[in-house]
Amino acid sequence: MAKILAIGEVANGIPKKATREITSVGRSLGEVHTLVLGTQAEAAASEVARHGAEVIYAVESSDYNGEAWSQMAAQIVREGGYEIVLIPHSWAGRDVSARLATLLDSAVISDAVEIHNEGGRIKIKKPVYSGKAFVWLKSTAAIQVVTVRPNSQKIEENPGAGKLEKRQLDLSKVKARQISFIPQKSTRVSLTEADIVVSAGRGIKGPENLYLIENLADVLGAGMGATRAVVDAGWCDHTLQVGQTGVTVSPTLYIAVGISGAIQHLAGMGSSKYIVAINKDPDAPIFKVATYGVVDDLFQVVPPLTEEFKQMLGK
Amino acid sequence: MNILVLIKQVPDTEAKIVVSGGKVQEAGIKWIISPYDEIALEEAIRIKEKTGGTVTAISVGDDLVQQSIRTAYAMGADHGIHIKHDQYQMLDAFAIASAIAKAIEGRDFQVVLAGRQGSDSDNGQVPLILGTLKGWGVVSFAKKVEIDSQKATVHVEAEGGEAIYESTLPVIITANAGLNEPRYPSLKGIMASKKKPIEVINFADLGLGTVSRIEILGFEPPPPRPQGRFIDGADPAAKAKELARALREEIKVI
């Protein structure tokens, strides 16, 4: 059976959703051990074991350090003789994976949305051009390093032994290190992790109307996004931009409000499971990808829709 | 301060990507510098304008990439290096990073800037591999960069907030959107860029052999989306009610 190391993050003792996902994927491919890094990492062990980890390496780390994390992971991979390494294609995961693969004399096949095991060789499907096309890749390296798109895989309950091993990071030799951190003011769920995303397009007409989208997002516990047009106009921060030069999302539900559906925007959200489009122009390209389309004035639709959800959810 | 900028030539982000026979059809595509690399280039030129030194743009590809090196000249780069490989599509990030590492051996760069990812492959691995091969600090997703003679201070768009990193030099920094607004090349710059020589290095002459570890098995178009439907209703409120019902009862997402 293939020996697999999953590498994921923990915050305040709680494993990130993507950590559960890659552990589940690892379990389906062979014997999985999970390396968790973050704050109160040890406390996350039993939670990660639920998804199949036989061994859990816990590493306490108050802030991300690509050099130290990749060196730690490389040491564990070599010592443990792991053949496949799975990492979420998250903010930290994409940074640490390329460093780790280089240390292991390997390469990363990244951002997998589909994973197949063909006699011990992993074959993945990955979106390119932000989802305008897909490519199938295979690694020919001895140790296969794969990053997996968050939200793309099922989380399975399949308990493993979860034997805990503690490790300590060595930060003494790193070239770059974090010196401070300014937390985001918003408490809203991050765009890439959100199950539901509500996005605003130019139809919103101005920053003074964004509260409509915010209210809708907050009732649903959703992440909030925007189009490039909205960001370029300076109506909201560029970190909210969904599309080819912004964030790519694939939530269960994407609600596009006042969005026409430019090709580079469709690229960034086209892999969402269900899409709702609210736009008064019946010819808007967004309707071609929509599961449900509402042709009407967003200013007349969004407030009663928010109310409906409030009542449904008892808020 | 001598700065190296890694630039990748990619299809225009407004381009429709057509896949047939397992390949991306390149006919009729307009090629541009990958948008994040353009931001990296702009940052390099701004640092040079402040502290002096040179900006070198390096790109791996067939002869077509010289077009992007000329654009870099027009914006203000001083030197251009073209690592020539006619089947560059088959090279993986490790091969490209290894070629760049080899090509810059013995040259003196304190700062390397690159985009956070190419807007085609969306990998973002080359700067990280290069930094790991060289043993240099790498800071990803920069939104603000300050360089002095000893160190780089980089504000980073991190998950959940803004992280500030400090790195020794040489350093590799990847540019995020929002770092700056790239300039348009001046007419004078465009004219001058046409005559400027480009240093060409043949990939085969770098002595790397076959370094790619990733095999491309084939491209495919995105799956067609299932047919949707329009929500009917007498007025906007009725449509809102029906939509909420459909989301709850038909697809059970609320």
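These figures come from a predicted structure and were not determined experimentally. (Residues numbered from 1 in each chain as written. Chains lettered and ligands numbered in written order. Predicted model: local features only at pLDDT ≥ 70, side-chain atom pairs only at ≥ 80, totals over all residues. Heavy atoms only, no water.)

Draft legend 1. Seen up close, the sheet that holds strand S9 (residues 133–139) of chain A. Spatial ordering of the open sheet is given by S7(A)-S8(A)-S9(A)-S14(B), a layout of four strands whose pairing is antiparallel. This sheet does not close on itself; its edge strands, each paired only once, are strand S7 (114–118) of chain A together with strand S14 (214–220) of chain B. With direction set aside, neighbouring strand axes in the sheet form an average angle of 25°. Sheet topology note: the S7(A)/strand S8 (residues 121–128) of chain A ladder contains five bridges and is antiparallel. By the bridge assignment, A:Glu118 is partnered in S8(A) with A:Arg121. (Pairing = 2+ DSSP bridges. Helix = DSSP H or I, 4+ residues; strand = E, 2+ residues; numbered from the N terminus. Axes fitted to C-alpha atoms, helices over the stretch in contact; angles between N-to-C directions.)

Draft legend 2. Structural detail: the pattern of salt bridges. All chains considered together, the criterion is met by 41 salt bridges over all chains. A salt bridge links A:Glu9 to A:Lys16; its shortest N-O distance comes to 3.7 Å. A relative accessible area of 21% places A:Lys16 in the partly exposed class. In this structure, the salt-bridge partner of B:Lys241 is A:Glu308, at a minimum N-O distance of 3.7 Å. Highlighted residues: B:Lys241 in helix H6 (residues 236–250) and A:Glu308 in helix H8 (residues 298–312), drawn from two different chains. A residue is classified by how much of its surface remains accessible, and A:Glu308, at 17% relative accessible area, is buried. It is possible to trace a salt-bridge network through shared partners that takes in B:Arg229, B:Glu242, B:Arg245, B:Glu249 and B:Glu250. (Salt bridge = Lys/Arg side-chain N within 4 Å of Asp/Glu carboxyl O. Buried < 20%, exposed > 50% of the residue type's maximum accessible area, 1.4 Å probe, protein only.)

Draft legend 3. Quick look at the domain arrangement of chain B. Domain boundaries in chain B define domain 1 (2–206) and domain 2 (228–254). Inter-centroid distance (C-alpha atoms) of domain 1 of chain B to domain 2 of chain B is 47 Å. (Domains from an automatic or database assignment.)

Draft legend 4. Quick peek at the interface of chain B and chain A. Each side of the interface is counted separately: chain B has 80 residues, and chain A has 83 residues. In total, chain B and chain A occlude about 7,200 Å² of area from one another, counting both sides; carbon and sulfur atoms represent 58% of this. Contact with chain A buries area across many residues of chain B, yet B:Glu159, B:Arg213 and B:Arg225 alone supply 11% of it, more than any other trio. Remark: the boundary between chain B and chain A carries six salt bridges. In this structure, A:Lys16 engages B:Glu159 in a salt bridge whose closest nitrogen and oxygen atoms are separated by 2.6 Å. Taken together, the links from chain B to chain A amount to 45 residue pairs in polar contact (both at pLDDT 80 or more). Residue assignment for the side of chain B that touches chain A shows that the elements contributing at least two residues are helix H1 (35–51), helix H4 (126–134), strand S9 (137–147), strand S10 (151–158), strand S11 (161–168), S14, strand S15 (229–230) and H6 of chain B. Per-element accounting of the side of chain B that touches chain A gives the leading share, 12 residues, to H6(B). Classifying every residue of the side of chain B that touches chain A gives 40 nonpolar, 18 polar and 22 charged. Pairing of strand S17 (residues 292–295) of chain A with S15(B), which is carried by two bridges, proceeds in the parallel orientation. From the neighbouring strand, A:Tyr292 faces S15(B), where its bridge partner is B:Arg229. (Contact = heavy atoms within 4.5 Å. Buried area = accessible area lost by both parts, 1.4 Å probe. Polar contact = N/O pair within 3.5 Å; in protein donor to acceptor, adjacent residues only side chain to side chain. Nonpolar A, V, L, I, M, F, W, Y, C, P; charged D, E, K, R; others polar.)

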